[in-house]
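# Observations on the three-dimensional arrangement
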Amino acid sequence: MKQDDFYAYGTISRLLHWSMALCFFFMMATVIAFKIDEEYYSLMIYHKVTGVLLLALGAFRLLWAMGNRKNRPHSALPVKLGHALLYILMLTVPLLGALRQYGAAKGALEFMGVTLIPAASSKVDSFVSLGNQFHGELGIALFVVMIGHIAMAVFHQIKGEKIMQRMAGR
Ligand code: HEM
Ligand code: HEM
């Protein structure tokens, strides 16, 4: 498909993009709150639950994007790499959080009576140390790449490339 032929992402891609963007902004808000005052660790349950939701939506979104790869705009290599990096971080960061939750063996993650992540029967040190080493750092990296992505989208729009319409819909 030539660049000019591409009109907009489909409904499912757009729904996934905007609902996940909202959740990511919420994740950023919880992390900022944790940094301001440890008292806000009371928000941790919402951080974890939204994170698990993002992991599930992210896995579906990756499969959806791969299945629809012929129906996507022709982008320059840096744009493709930027989007690939977003996908890698969108999946790795919650996965590391979830593995640590499981491996800590301190009880299942439950929300409204539903078990979202069970607990290992005994501590899995490798999962816990992977989470301790990388979850927070890569999470911050994801926020930085996210802000760069939004800035580039606004920049291209202002330059007159009208890429926002692709995600806003027909
Ligand atoms: C106000 C916030 C945002 C705006 C205005 C925005 C805008 C856009 C636009 C215009 C595109 C289409 C780019 C193109 O086809 O060349 C796009 C694609 C994309 N955006 Fe965003 N975005 C926002 C937030 C986010 C967030 C928070 C994430 C993830 C953390 C994200 C991840 C992606 C990805 C992975 C794509 C590639 C298409 C796909 O597979 O869904 N965006 N965005
Ligand atoms: C895409 C989803 C997620 C993002 C972007 C994210 C991001 C972050 C960031 C940036 C921090 C560091 C806060 C600090 O430095 O004080 C953090 C902390 C934390 N997150 Fe997540 N997180 C996500 C999902 C999850 C999930 C699924 C879990 C567990 C089920 C989880 C559990 C935790 C815990 C326990 C902490 C505090 C300990 C630490 O700093 O590593 N997160 N998260």
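These figures come from a predicted structure and were not determined experimentally.

Per the UniProt entry, the sites bearing "transmembrane region" (unreviewed entry) are residues 12-34, 40-64, 84-102 and 138-158 in this numbering. Taken end to end, residues 84-102 is 100% helix and 0% strand, and its first and last C-alpha atoms sit 27 Å apart.

Relative to strand β2 (residues 114-117), strand β1 (residues 109-111) is paired through three bridges, and the arrangement is antiparallel. Looking across to β2, one finds that Leu-109 is bridged to Ile-117. If you look at the hairpin formed by β1 and β2, you'll find two residues sitting between the two strands, and Met-112 has a positive phi there, around 50°.

The environment of ligand 2 is formed by 23 residues, the closest being Met-27, Lys-35, His-47, Arg-100 and His-135. Note that an oxygen atom of ligand 2 is positioned 3.0 Å from one of the side-chain N or O atoms of Arg-100. Elements that contribute at least two residues to the shell around ligand 2 include exactly α1 (11-36), α2 (44-67), α3 (77-103) and α4 (125-158). Considering only residue class, the shell around ligand 2 consists of 13 nonpolar, seven polar and three charged.

A few words on the side chain of Ser-13. Structurally, Ser-13 is set in helix α1. Overall, Ser-13 belongs to the buried group, its relative accessible area being 10%. Ignoring anything within four residues of it in the chain, the contact list for Ser-13 reads Trp-64 and Arg-72.

The coordination sphere of the iron atom of ligand 1 contains the protein donors His-17 (NE2) and His-149 (NE2), at a distance range of 2.0 Å. Classification of the site at the iron atom of ligand 1 rests on its six donor atoms, whose angles at the metal span 88 to 180°, yielding the label octahedral. Here the residue His-17 occupies a position in helix α1, and His-149 occupies one in helix α4, the gap between them amounting to 132 residues.

Our focus in this paragraph is the coordination of the iron atom of ligand 2. Protein coordination at the iron atom of ligand 2: the donors are His-47 (NE2) and His-135 (NE2), at 2.0 Å from the metal. A relative accessible area of 11% places His-47 in the buried class.

Right, let's get into the site of ligand 1. As a matter of local geometry, ligand 1 sits amid 21 residues, with Tyr-9, His-17, Arg-72, Tyr-87 and His-149 nearest to it. Contact distances for ligand 1 include 2.9 Å between an oxygen atom and a side-chain N or O atom of Arg-61. Within the side chain of Arg-166, a nitrogen or oxygen atom sits 2.8 Å from an oxygen atom of ligand 1. Residue assignment for the shell around ligand 1 shows that the elements contributing at least two residues are α1, α3, α4 and α5 (164-168).

By the definition in use, this model includes two salt bridges. Between Lys-159 and Glu-161 there is a salt bridge, with the nearest N and O atoms lying 3.3 Å from each other. Here Glu-161 falls in the partly exposed class, since its relative accessible area comes to 40%.

In the structure shown here, the tally under the stated rule is three aromatic pairs. On the basis of an interplanar angle of 5° and a centroid distance of 4.7 Å, the ring pair of Phe-34 and Tyr-41 is categorised as stacked. Overall, the relative accessible area of 10% leaves Phe-34 in the buried class.

Calculation criteria
- Residues numbered from 1 in each chain as written.
- Chains lettered and ligands numbered in written order.
- Predicted model: local features only at pLDDT ≥ 70, side-chain atom pairs only at ≥ 80, totals over all residues.
- Heavy atoms only, no water.
- UniProt positions renumbered as here; feature names shortened; annotations may be inferred.
- Helix = DSSP H or I, 4+ residues; strand = E, 2+ residues; numbered from the N terminus.
- Pairing = 2+ DSSP bridges.
- Near = heavy atom within 4 Å.
- Polar contact = N/O pair within 3.5 Å; in protein donor to acceptor, adjacent residues only side chain to side chain.
- Nonpolar A, V, L, I, M, F, W, Y, C, P; charged D, E, K, R; others polar.
- Buried < 20%, exposed > 50% of the residue type's maximum accessible area, 1.4 Å probe, protein only.
- Contact = heavy atoms within 4.5 Å.
- Donors = N, O, S within 2.8 Å, 3.2 Å for Na, K, Ca; no water.
- Tetrahedral: all angles 85-135°; square planar, octahedral: opposite > 155°, others 65-115°.
- Salt bridge = Lys/Arg side-chain N within 4 Å of Asp/Glu carboxyl O.
- Phe/Tyr/Trp six-rings, centres within 6.5 Å; stacked < 30°, edge-to-face > 60°.

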